[in-house]
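# Structural overview
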Number of protein chains: 6
Amino acid sequence: MSRFEVTALGEAMLRLSVPPGERLETMTRLDVHLGGAELNVCAALASLGRRCAWLSRLPEGPLGRFVLRAARAAGVATPGVSLAAGARLGAYYVEFAAPPRATEVIYDRAGSAFTGLSAALVDWEPLLDTRALHLTGITLALGEGPFSAAREAARRAKAQGVLVSLDLNYRRKLWSPQEAARRLADVLPFVDLLVCARADARTVFGLGDAPETVLGALHDLCPAENIVLTCAQDGAVARLAGELVHAPASAAAVLDRIGAGDAFSAGLLDGWLDGDLRAGLARGAALSALALAQRGDLLVTSREEMNAVVERSPSTVNR
Amino acid sequence: MSRFEVTALGEAMLRLSVPPGERLETMTRLDVHLGGAELNVCAALASLGRRCAWLSRLPEGPLGRFVLRAARAAGVATPGVSLAAGARLGAYYVEFAAPPRATEVIYDRAGSAFTGLSAALVDWEPLLDTRALHLTGITLALGEGPFSAAREAARRAKAQGVLVSLDLNYRRKLWSPQEAARRLADVLPFVDLLVCARADARTVFGLGDAPETVLGALHDLCPAENIVLTCAQDGAVARLAGELVHAPASAAAVLDRIGAGDAFSAGLLDGWLDGDLRAGLARGAALSALALAQRGDLLVTSREEMNAVVERSPSTVNR
Amino acid sequence: MSRFEVTALGEAMLRLSVPPGERLETMTRLDVHLGGAELNVCAALASLGRRCAWLSRLPEGPLGRFVLRAARAAGVATPGVSLAAGARLGAYYVEFAAPPRATEVIYDRAGSAFTGLSAALVDWEPLLDTRALHLTGITLALGEGPFSAAREAARRAKAQGVLVSLDLNYRRKLWSPQEAARRLADVLPFVDLLVCARADARTVFGLGDAPETVLGALHDLCPAENIVLTCAQDGAVARLAGELVHAPASAAAVLDRIGAGDAFSAGLLDGWLDGDLRAGLARGAALSALALAQRGDLLVTSREEMNAVVERSPSTVNR
Amino acid sequence: MSRFEVTALGEAMLRLSVPPGERLETMTRLDVHLGGAELNVCAALASLGRRCAWLSRLPEGPLGRFVLRAARAAGVATPGVSLAAGARLGAYYVEFAAPPRATEVIYDRAGSAFTGLSAALVDWEPLLDTRALHLTGITLALGEGPFSAAREAARRAKAQGVLVSLDLNYRRKLWSPQEAARRLADVLPFVDLLVCARADARTVFGLGDAPETVLGALHDLCPAENIVLTCAQDGAVARLAGELVHAPASAAAVLDRIGAGDAFSAGLLDGWLDGDLRAGLARGAALSALALAQRGDLLVTSREEMNAVVERSPSTVNR
Amino acid sequence: MSRFEVTALGEAMLRLSVPPGERLETMTRLDVHLGGAELNVCAALASLGRRCAWLSRLPEGPLGRFVLRAARAAGVATPGVSLAAGARLGAYYVEFAAPPRATEVIYDRAGSAFTGLSAALVDWEPLLDTRALHLTGITLALGEGPFSAAREAARRAKAQGVLVSLDLNYRRKLWSPQEAARRLADVLPFVDLLVCARADARTVFGLGDAPETVLGALHDLCPAENIVLTCAQDGAVARLAGELVHAPASAAAVLDRIGAGDAFSAGLLDGWLDGDLRAGLARGAALSALALAQRGDLLVTSREEMNAVVERSPSTVNR
Amino acid sequence: MSRFEVTALGEAMLRLSVPPGERLETMTRLDVHLGGAELNVCAALASLGRRCAWLSRLPEGPLGRFVLRAARAAGVATPGVSLAAGARLGAYYVEFAAPPRATEVIYDRAGSAFTGLSAALVDWEPLLDTRALHLTGITLALGEGPFSAAREAARRAKAQGVLVSLDLNYRRKLWSPQEAARRLADVLPFVDLLVCARADARTVFGLGDAPETVLGALHDLCPAENIVLTCAQDGAVARLAGELVHAPASAAAVLDRIGAGDAFSAGLLDGWLDGDLRAGLARGAALSALALAQRGDLLVTSREEMNAVVERSPSTVNR
């Protein structure tokens, strides 16, 4: 038995936010959370009882310990985190807003400890002693070091028979579509399970057709056996071992959008670990709904709670 | 003139809650309120200017004084509260939630001071120097002592010509339908005014037909002159002195559901005190709406405010 | 070039509020904001980069400095504010509520420092070194001194070619319709740009017909070249240089209604400063929507943000 | 048996404060308490289990209900409070400070509902159905109406054999020493138990000698059988039925000075009710110490707690 | 190498507190922490980088997960925690106070999940795969089940050569000195490292002489090679392998006394793990000082921080 | 008359802090303040009524506007602030601590908008239309650009007869003593008023003798007519126009040390503006004491408050 069920490599950032109706311009207090796409996936899976590990690079001192503490609290192991003396912790400011304003995110992540990561600093043993390795496109965007570390992780995982899961997660504030397409081309060949938002498929690869067509085109770019196209409120369309599957979204009150996509990936991986990616689509929808109705990036839930949401949802339909 | 207009006997508990979007699992602060079905009814009536008294059994010391202080603040007299040295105060945790989660309540009331109550510890004088005595099924569920105290209270009240009001208030986490039916059978013969939720009629007595039929069947179980069947958003249907009356619910934003049913009972009793139970149905709907839009179990309102809501609502219809 | 683009004369008050679901009766903490119709207009304009000044009369000491500090923070100059030793700062309590309750305002402004203002205490130089002077009907209601100061300000401004803008802003808790009509009759002859809520036109002047008819009747009372009739969710109808213009409202989540009307006036004046009152109507609708979705009376925004809302709105239509 | 043990007549005000280190100039939130010298005395006595009533005049509506609620919560009956429609509630702002700044109080009590009180509005029955009536010099300072009400109360109480207790409590922000001396001269003849701070004796009556001499001079002004001179950290010196008694202060951490003098009066009255004014001096010192170490004007304590402090203190010494 | 360096068995409770100056009687919010003597020791050691595990019995559901989450956040492994459906989590209320009041603790731990623990429910494998096992007298006081589990743990550990550490930790609210002495007599024979407060030695065993004499008498009761007598501000006196060692306390500002004794035990064990119990005494004093100056039971610190305090302290003196 | 009395050039940072007793490792909320040595000086002077301007370089968007708003609120003009698109705002984390821990500061200011400042970006007109220009050594440490801007500012000011004030303010986390000495050597020739902490004189220049000797040695390095050596609790020793002056510190409760040195400089400059540097020393001591007893970097005070502290202090003594 492998030590972990899912491992991931990625950055975590301090999230500093004001509530809806307040402005950053007049802030006197900030709510503190921790966020990071790959850590979010691990935390959601750990809430379900999965054995997960997350690797990263953090500043030495109280802020690095803040991150480790939060990861452990969520039940995520942190066996190979490397520490950088004198480095900074990336942060992002969030102004949660009500219409006509949209919630605004201001990144302050340049020059963080994580951007100093490289393949040489990765502790491969814990990272690859797993059934699945989860990566996101964000890491590829954070500089040559993180990109090379992620690429090498994917290559090694593929070679060892570890499932490589990638959530494309394009962020326009971090890189251009051209850069994204170029670096992704180096990693996609190793990917076994690809998650891509419909809007990202259009932006990065220019794929703007019907979901079924987009899935086919993505498969040309990435030989993954399973590809999931997420379509926001319209749910997801997936190509699972060649078969087309539609999955509706679960209804939710939206208190905090950040992390909902990561919760979806967690549900998908949870299904995969049980050998049932169709169940994974429904679990992803359920976890995503739970994430929307909860404050903070790291999902706090339980298998019972997820199942209760899944059971209330209309079942996935295979056309 | 009797000293009080309405008295009640029941437990009060500390309510510890986190706001919507927060989880008990990650709590760092808890909002503190006081709650208890019978006290809630008294507090709502006192807000309208009614003379009310509430009897209970509380731990000696700061926590017992916390309860007394809150009852007095609400304008409720506490003439015969007995104190138990070394006893605990029951509590319940609330995780207010947004869909797809439902608000969750965790009871921590076992072994509370109130469960040590018995008929012998009740101060009958203030309890029965009243026009109406209000009880709920919850007290019957809390053990042999509280049950016997409530039964004796109902018996004595009936004998002295005091109106006996009972809100059935079935709580599945406290007892089984069978136990409930058995103990209720000992108390219902003394009841003059019965309030029962439609769902409880089904669960406890297996009465699942049309409201009119359920009212008839309840009347077979309980010879009360007035019986009110509450139907959540569908309002209430009542059998008042043999006549069938329908009352719509009042619209409200739902911030805190807890205590809304007790507010309904308070409105009903307020109408009864004025000799107008039909007005009572409308007042109950209005107080219930006010309770839903307010944080905390104990309703804070005024007669002016209640009347303003009543006047905006469509009037009750007699078919 | 004039020193300021817009100046205003008016009172500012401490706003003390409890959040929705809480009651003033049980308050343990109050949120503190600053509010005042004329200051609100200046603050919104300053957020857009306009040079504004606000004149008032304030108590000496920490509370007066609190007001000056908040005005400056908002970017509003306070060149001629007069200070009154031993005077009080007006305040108002707000209980933000959810249905079936309406948000309630309790004024506590009697005897404030501002009511001691008189024409003799006004520093005319900064007030009139401007392109536009903004007044509201509230100042006329606050006593003989403030009324005479506002009337004299309007008279002098008119004489010097400064645009006189007046938001009628009738407050029934401050004066009767008869008093309002009487004092307004002394000021309206000097007004160049009049804003009036449809409900106020009915209450104060008995004008209850179709908007177009009301605009005509208002023009008979006030020879202003531009008159805007605001119709709440139905937007606004204006008579601009003799032409009739309709402007829709912008959609918004309502977190805090207070100050939304002042934000509208600010947008209107911003358009006037650019020589485009039609644009002003759209900007007013946008700022009003932004104000509704934000806590506090003083709007915090930017020209970019306003423009983003304007562009999403359907354009104004001239019939 | 009289209905109450102690009654009092006085004003209550909203207390709005910022914590040490914060400034009113930059406040964003205010802590809310209720305060009023006479109410404070009643609340402390009620904490000890005494039957107390407090009469006042309050604004109708939520703010008046806030006061009544707080008084009842403290266990103080409010049988004859009169309500004034449209009146305001007095308030005071407190900036708790650390050295080199002193805590600053800003009164905002002019024109409050209480200043509209007059002898004609007082409900004499509950006020005089008591063993002792407590008054303070503050009420005499609040205008002709309150002064006449307090004088009439003292006169009637004296006539009915009710003990008249007066805490001189000079406040220089309310009146001049000359006015104080003049109005006090009308009330002192009715006083049975006088409490006066040494600094006030000097300011109002020009009595600046040794405590024993001051006590003698006070006795010339006021024929009370018992007179207590409080000397801050130096404790108190009293002339009890002609005998001189010294009482040390109790040590305390000072978190909130406001209300400590009223706590002293409460302890004194508690001793008097037990027929032991010497014990009252010690209890006063203990309650005063408890008040200093607690936030808020209204003391929350219990007889057990008071006794525990008394027992640790050195006993009073008769020289 | 053993899996853990230190393991412990004990209860954890929810700690609900109000800050200094506030009273439980008037609470509106409670600060939430987690506490438990044995968990506190593990958390402090984990902060220093030690591998620790804590075993307990917890309620299923959010409150149990709250505890697990907090333990993991502190870096403490929870391999064999057993869950009890429907059980309650013990709690305690703390009213932090300033003189003349003392901080008051109200236990509400009766009937908690942990009291249902028995030797049969303990997972011995992780508990004994360690260099040292830490127990406290509290567990012995919590009922027959916890007592038998602790005794069996001590017996097995002794048999396997695992160091048995016991902090006597007498709590008079939990049991009588007689009961304590009786149950301790069953466990002390297995103890290798005993920590006992001087006041407890007097209360439980009647040992009231000079520290050196007490240490000798304790050695007669318990054949531990190392015995430490803690003397509050006077530091500690220890008998280490027959030799007498004195260790001063470290100076600290006292913000929160709870957990300071556990921090001392942690420092002692940290020294023992390094084979240097004298260093352990100094580290215990340092951690204790750090705990006093920090809110919460679970110490948050680092080895660097502890060393900085140790170095500033006068070194331990051997007489 | 010059437009400003004092101008300054420097960086401002977001200050994010937890209160004493809390740890950054477990933070859930951060208190937000704004800080920056030069801005602090201007804010304190503006509180006294002085006309001040502060120039800086800030990120565009909400965080830059947050800074401008705070500066304006403090009464400081911001005429020539340049904005950098996409740049970050420097920040620092503060863990206020109680002994045995010291308050810890973690800088996160690398790569801030201000580090992109250069002489070419400075708007010289407002900066030099002043009587005094204030600089600190911190700006010299922040990179070649800020250093060159500060040097050029000093050169130009000197040339135009503007007083050049420099607070040496050595920060070891920003640069080495050698670098500091080297860059200071380029600026000190322009300085007219030098403030230097005794510890910094030792660290940077190796000057460790008696204050008088250090002052002499500093004068050799810097031909300023007035040099002040600050000695923490021992007050300050100054060489004013060749004469030696000693000034004691003012006593204060220490709530927040940050900014106290800047408050001292402000008092000194306030004295200089009045032509009385001896008064300035006393005012500096008073403002410093006020700053220690207040939360936040930017001092909130008034001339009356400062004078009250000055008057209570023993006067400065000339030996």
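Residues numbered from 1 in each chain as written. Chains lettered and ligands numbered in written order. Predicted model: local features only at pLDDT ≥ 70, side-chain atom pairs only at ≥ 80, totals over all residues. Heavy atoms only, no water.

### Considerations on the overall build of chain A
What counts here: A run of H or I in DSSP becomes a helix once it reaches four residues, and a run of E becomes a strand once it reaches two; helices and strands are each numbered from the N terminus. When accessible area is computed with a 1.4 Å probe and restricted to protein chains, residues below 20% of their type maximum are described as buried, those above 50% as exposed, and intermediate ones as partly exposed. Exposure was quantified through the Shrake-Rupley algorithm and a 1.4 Å probe, taking into account, for residues, occlusion by the shown protein chains and nothing else.
For chain A, the count of helices and strands is 11 helices and 14 strands. By principal-axis analysis of the C-alpha atoms, chain A measures approximately 55 × 45 × 40 Å. Out of the 319 residues belonging to chain A, those deemed buried represent 62%. Carbon and sulfur atoms make up 50% of the accessible area of chain A, which amounts to about 10,900 Å² in all.

### Digging into the relation of the copies chain A and chain F
What counts, and what does not: In this comparison the copies share one frame, found by least squares on the C-alpha atoms of residues holding pLDDT of at least 70 in both. Contact between two residues is taken to exist if any of their heavy atoms lie within 4.5 Å; hydrogens are not considered.
The operation relating chain A to chain F is a screw motion whose rotation component is 180°, with 0.0 Å of axial translation and a residual RMSD of 0.1 Å. In short, the pair behaves as if placed about a two-fold rotation axis. Of the C-alpha atoms belonging to chain A, the one lying closest to the rotation axis is found on Leu30 of chain A, 2.6 Å away. When the interface residues of chain A are mapped onto chain F, 100% of them again fall at the interface, so both copies present the same face.

### A closer look at the packing of aromatic side chains
Quick reminder of the rule: Two rings belonging to Phe, Tyr or Trp (six-membered ring only in the last case) form a pair when the distance between their centres is within 6.5 Å. Interplanar angles under 30 degrees mark stacking, angles over 60 mark edge-to-face geometry, and anything in between is tilted. Whether a charge sits over a ring depends on NZ of Lys or CZ of Arg being within 6 Å of the ring centre and within 35 degrees of the ring normal.
Following the criterion strictly, the structure yields 6 aromatic pairs over all chains and no others. Ring geometry for Tyr92 of chain C against Tyr107 of chain C: centres 6.1 Å apart, planes inclined by 45°, an arrangement best described as tilted. Linking Tyr92 of chain C in strand β7 (residues 91-95) with Tyr107 of chain C in strand β8 (residues 104-108), this pair joins segments that are 15 residues apart in sequence. Judged by relative accessible area, which is 5%, Tyr92 of chain C ranks as buried. Here Arg109 of chain F stacks its cationic end above the ring of Tyr107 of chain F, 5.0 Å away from the centre of that ring.

### Overview of the sheet that holds strand β14 (residues 243-247) of chain D
Residue and element names in this part refer to chain D. Our working definition: In this description, strands pair whenever DSSP reports at least two bridges between them. Between N-to-C directions, angles cover 0 to 180 degrees, with each direction set by a line fitted to C-alpha atoms, over the stretch in contact for helices.
Taken in spatial order, the 8 strands line up as β4-β1-β9-β10-β11-β12-β13-β14 in an open sheet, and their pairing is mixed. Of all the strands in the sheet, just β4 (52-55) and β14 have a single pairing partner and so form its edges. Taking each pair of neighbouring strands and ignoring which way they run, the sheet shows an average axis angle of 15°.

### What about unusual backbone geometry?
The linkage connecting Pro99 of chain C with the following residue, Pro100 of chain C, adopts the cis geometry, with an omega of 15°. Tracing the backbone shows Pro100 of chain C in the loop between β7 and β8. For Ala241 of chain A, which is not glycine, the phi torsion reads 50° and is therefore positive. Topologically, Ala241 of chain A is positioned in the loop between β13 (236-240) and β14 (243-247). For Ala241 of chain A, a relative accessible area of 53% translates into the label exposed.

### Let's talk about the confidence of the model for chain A
Residues and elements named next belong to chain A. Operational definition: Every residue is assigned a pLDDT by the predictor, reflecting its confidence on a scale from 0 to 100.
Here chain A shows a mean pLDDT of 96. Residues at 70 or above account for 98%. Overall, residues 315-319 carries pLDDT values under 50, and its contacts beyond four positions in sequence, including any with other chains, amount to 13 contacts. Model confidence for the complex is summarised by a pTM of 0.96, with the ipTM given as 0.95.

### Details of the interface of chain C and chain F
Our working rule: Two parts placed together each lose some accessible area under a 1.4 Å probe, and the buried area is that loss summed for both. For this analysis, a salt bridge means a side-chain nitrogen from Lys or Arg found within 4 Å of a carboxyl oxygen belonging to Asp or Glu. Two N or O atoms count as a polar contact when they lie within 3.5 Å, although within protein this holds only if one can serve as hydrogen donor and the other as acceptor, and sequence-adjacent residues are included solely when both atoms are side-chain atoms. Residue polarity is assigned by list, with Asp, Glu, Lys and Arg as charged and Ala, Val, Leu, Ile, Met, Phe, Trp, Tyr, Cys and Pro as nonpolar; anything else, Gly included, falls into the polar class.
Between chain C and chain F, the residue contacts involve 9 residues of the former and 9 residues of the latter. Both sides of the chain C and chain F interface together cover about 780 Å² of buried area, and 43% of this is carbon and sulfur. It is Arg69, Arg72 and Ala73 of chain C in chain C that bury the most area against chain F; as a group they hold 59% of the surface buried on that side. At the junction of chain C with chain F, the criterion picks out 0 salt bridges. Counting the contacts that link chain C with chain F gives 3 residue pairs in polar contact (both at pLDDT 80 or more). Here the side of chain C that touches chain F gets 4 residues from one element, more than from any other, and that element is helix α2 (residues 62-73) of chain C. Classifying every residue of the side of chain C that touches chain F gives 3 nonpolar, 3 polar and 3 charged.

### Things to note about the packing of helix α6 (residues 177-187) of chain A against helix α7 (residues 198-205) of chain A
Residue and element names in this part refer to chain A. Quick reminder of the rule: In what follows, roughly perpendicular refers to angles from 65 to 115 degrees, roughly parallel to angles under 35, roughly antiparallel to angles over 145, and oblique to any angle outside these ranges.
Look at α6 against α7: their axes get within 8 Å of each other, and the N-to-C directions meet at 95°. As the angle between them shows, α6 and α7 are arranged roughly perpendicular. Contacts between α6 and α7 pair Pro177, Ala180, Ala181 and Leu184 from the former with Thr203, Val204 and Phe205 from the latter. For the contact of α6 with α7, the per-class residue count stands at 6 nonpolar, 1 polar and no charged.

### Regarding the side chain of Asp200 of chain D
Residues and elements named next belong to chain D. Let me state the cut-off plainly: This count recognises Lys and Arg as positive and Asp and Glu as negative, with His and chain-terminal groups excluded.
In this fold, Asp200 is placed in helix α7 (residues 198-205). Of the side chains bearing the opposite charge, Arg171 lies closest to the buried Asp200, which forms no salt bridge; the N-O distance is 6.9 Å. Of note is the side chain of Asp200, whose polar atom sits 2.9 Å from the backbone nitrogen of Tyr170. Setting aside residues up to four positions removed in sequence, Asp200 forms contacts with Leu168, Asn169, Tyr170 and Phe205.

### Some thoughts on the environment of Val94 of chain A
All names here are of chain A. Mapped onto the elements, Val94 comes out in strand β7 (residues 91-95). Classification of Val94 as buried rests on a relative accessible area of 0%. Sequence separation between Val94 and Glu104 is 10 residues; the distance between their C-alpha atoms is 5.7 Å. Not counting the four nearest positions on each side in its chain, Val94 is found in contact with Arg15, Leu16, Ser17, Val18, Leu24, Thr103, Glu104, Val105 and Ile258.

### A short note on the interface of chain A and chain F
At the interface, 22 residues of chain A touch 22 residues of chain F. Approximately 2,400 Å² of surface area, both sides summed, lies buried where chain A meets chain F, with 58% of it carried by carbon and sulfur atoms. The tally of links between chain A and chain F comes to 8 salt bridges. Between the two partners, chain A and chain F, sit 11 residue pairs in polar contact (both at pLDDT 80 or more). Looking at the side of chain A that touches chain F, the elements that each hand over two or more residues are β2 (13-18), β3 (29-35), α2 (62-73) and β8 (104-108) of chain A. Element by element, the count of residues in the side of chain A that touches chain F is highest for α2 of chain A, at 5 residues. Of the residues assigned to the side of chain A that touches chain F, the class counts are 12 nonpolar, 2 polar and 8 charged. Both β3 of chain A and strand β3 (residues 29-35) of chain F contribute to a ladder of 3 bridges, which runs antiparallel.

### Quick look at the pattern of salt bridges
Pairing between side chains of opposite charge can happen when their charged atoms approach one another. Tallying each qualifying case throughout the model produces 150 salt bridges over all chains. Taking the shortest distance from any N to any O, the salt bridge between Arg29 of chain F and Asp31 of chain A comes out at 3.2 Å. In this pair, Arg29 of chain F sits in strand β3 while Asp31 of chain A sits in strand β3, so the two residues belong to two different chains. In this structure, the salt-bridge partner of Asp270 of chain E is Arg283 of chain E, at a minimum N-O distance of 2.7 Å. Here Asp270 of chain E is found in helix α9 (residues 260-273), whereas its partner Arg283 of chain E is found in helix α10 (residues 277-292), with 13 residues between them in sequence.

### Side note on helix α8 (residues 211-221) of chain D
The condition that has to hold: Each direction from the helix axis to a C-beta atom contributes to the arc, which is the arc of those directions.
When α8 of chain D is considered as a whole, its buried residues turn out to be Pro211, Val214, Leu215 and Leu218 of chain D. Each buried residue of α8 of chain D sits inside an arc of 100° when the element is viewed along its axis, so together they form one side.

### Topic: the sheet that holds strand β8 (residues 104-108) of chain D
Sheet architecture is open: 8 strands sit in the order β8(C)-β7(C)-β2(C)-β3(C)-β3(D)-β2(D)-β7(D)-β8(D), paired in mixed fashion. Because the sheet does not close on itself, it has two edges, and the strands there are β8 of chain C together with β8 of chain D. Taking the axes of each pair of neighbouring strands and ignoring which way they run, one obtains an average angle of 30° across the sheet. As judged from the 5 bridges shared by strand β2 (residues 13-18) of chain D and strand β3 (residues 29-35) of chain D, these two strands associate in the antiparallel manner. Residue Leu14 of chain D lies in a different strand from β3 of chain D, and its bridge partner there is Leu34 of chain D. Running over the sheet, α2 of chain C touches β2 (13-18) and β3 (29-35) of chain C together with β7 (91-95) and β8 of chain D and is turned about 60° from β3 of chain C.

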